[in-house]
Structures are given as C-alpha cells and as structure tokens.
Amino acid sequence: MDYSILTAYIIPTEISATKKVNVGDGFILIAAKRLLAPLVPKYEFSTKVVLTDEMVDKINSTKALIVVGSNQLNDKYTIFPKADLNAVKRIKVPIIFMGVGYSGIPEQTVHMSDLTKNILLETHSNVNYSSWRCFRTTKYLTENLPELKDKALMTGCPVIYGEDLL
C-alpha cells in the first residue's frame, strides 16, 4: 500500500530561515516509518507549508495520508498552514493521525475553534480510529469534540515502540 506522510520534521528551504529542524520530530518520523514497515511512504511533505495542488494530487495518488507526531494540537490546529475545510476535503484519501500531541500551551488550548473542530470531524469521517500521543491530548480532543470519544485512541508517541532509533 502506498501512503504519504505529513511531518513537522521536514523544513523546506523556503522557510528554513525562520523555522528550525526539531530532532525529536525526526525521531518520531523514524519510529512511525518503522511501525508502518514493510510499507514505505511514497511521498513526504512538511506540515509547515501550504499544500499545493501538485502535492495534493500526489497524496491522492496514494491510499492514505499519515500525519505524524509533534505537539501540534491546539485551538487553531489546521493540519497544515492556511488549511480550511475545503483544503482538507481536497485530500480524498483517509487522513490518519499517528502520535500527534497536545501543544500544552495554556493560552493556545482554551477552546477549540470551529474551523479546527470541522477539520477534525472531516478527517475522522472515513477512519475508524485515530492515534494520539497522550492522555492530555485525547482529553482535550474529546472535551472539545465528544463525538470522537470512541475514535480517538491514546496510543502514545511512536518513539516508545521499538528500539535502536539511532
């Protein structure tokens, strides 16, 4: 099965002056790929840039988009910059969260925006479950979206599974 990955680890050159690589995101990416083996991603994209039509076409040529790790979930989470519900709906394959975590910044996790809620409901419309990093993440998610309580699983960070990351 071909799949695509969205990860915070990839920093495209056009934003490398303002964004820096987080080595932890790299560990998460490596661990997620190891858990998905023997399958390998056909495409890998950054969560830090707007997805172009060409990127979306590539994603849609695979069977799924895996959104990997990082503490991204907050009141204004949109998966990738400037995403709205229509941008997310352009992705026709299932969007599967794997180890994404709660940002933990109190002023950014007060009340989930309607846009974030709608995006998360849309992404969960064609999957049975989603994998989240910790109890605080699933608590925040299900407090804001109680309809996801049977789909949002606290599975931990992909890094805790396996060995020999380095």
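Our structure is the block above this text.
Residues numbered from 1 in each chain as written. Predicted model: local features only at pLDDT ≥ 70, side-chain atom pairs only at ≥ 80, totals over all residues. Heavy atoms only, no water.

This part covers the pairing of strand E3 (residues 65–68). Neither face of E3 is exposed, since Leu 65 and Val 67 on one face and Ile 66 and Val 68 on the opposite face are all buried. With 4 bridges joining them, strand E1 (residues 3–7) and E3 adopt parallel strand pairing. Within the sheet, the bridge partner assigned to Thr 7 lies in E3 and is Val 68. Where E3 lies against strand E4 (residues 95–100), 4 bridges are found, and the strand directions are parallel. In the strand pairing of E4, Val 67 is matched with Phe 97. (Buried < 20%, exposed > 50% of the residue type's maximum accessible area, 1.4 Å probe, protein only. Helix = DSSP H or I, 4+ residues; strand = E, 2+ residues; numbered from the N terminus. Pairing = 2+ DSSP bridges.)

A separate point is the pattern of salt bridges. A full pass over the atoms with the stated rule returns 6 salt bridges. Lys 139 is the salt-bridge partner of Glu 143, the closest N and O atoms lying 3.0 Å from each other. A residue pair is termed a helical-turn pair when its members lie 3 or 4 positions apart in one helix, as Glu 143 and Lys 139 do in helix H5 (residues 135–144) at 4 residues. Looking at Lys 139, the relative accessible area reads 39%, which means it is partly exposed. (Salt bridge = Lys/Arg side-chain N within 4 Å of Asp/Glu carboxyl O.)

Any link to function would need more than the numbers given here.
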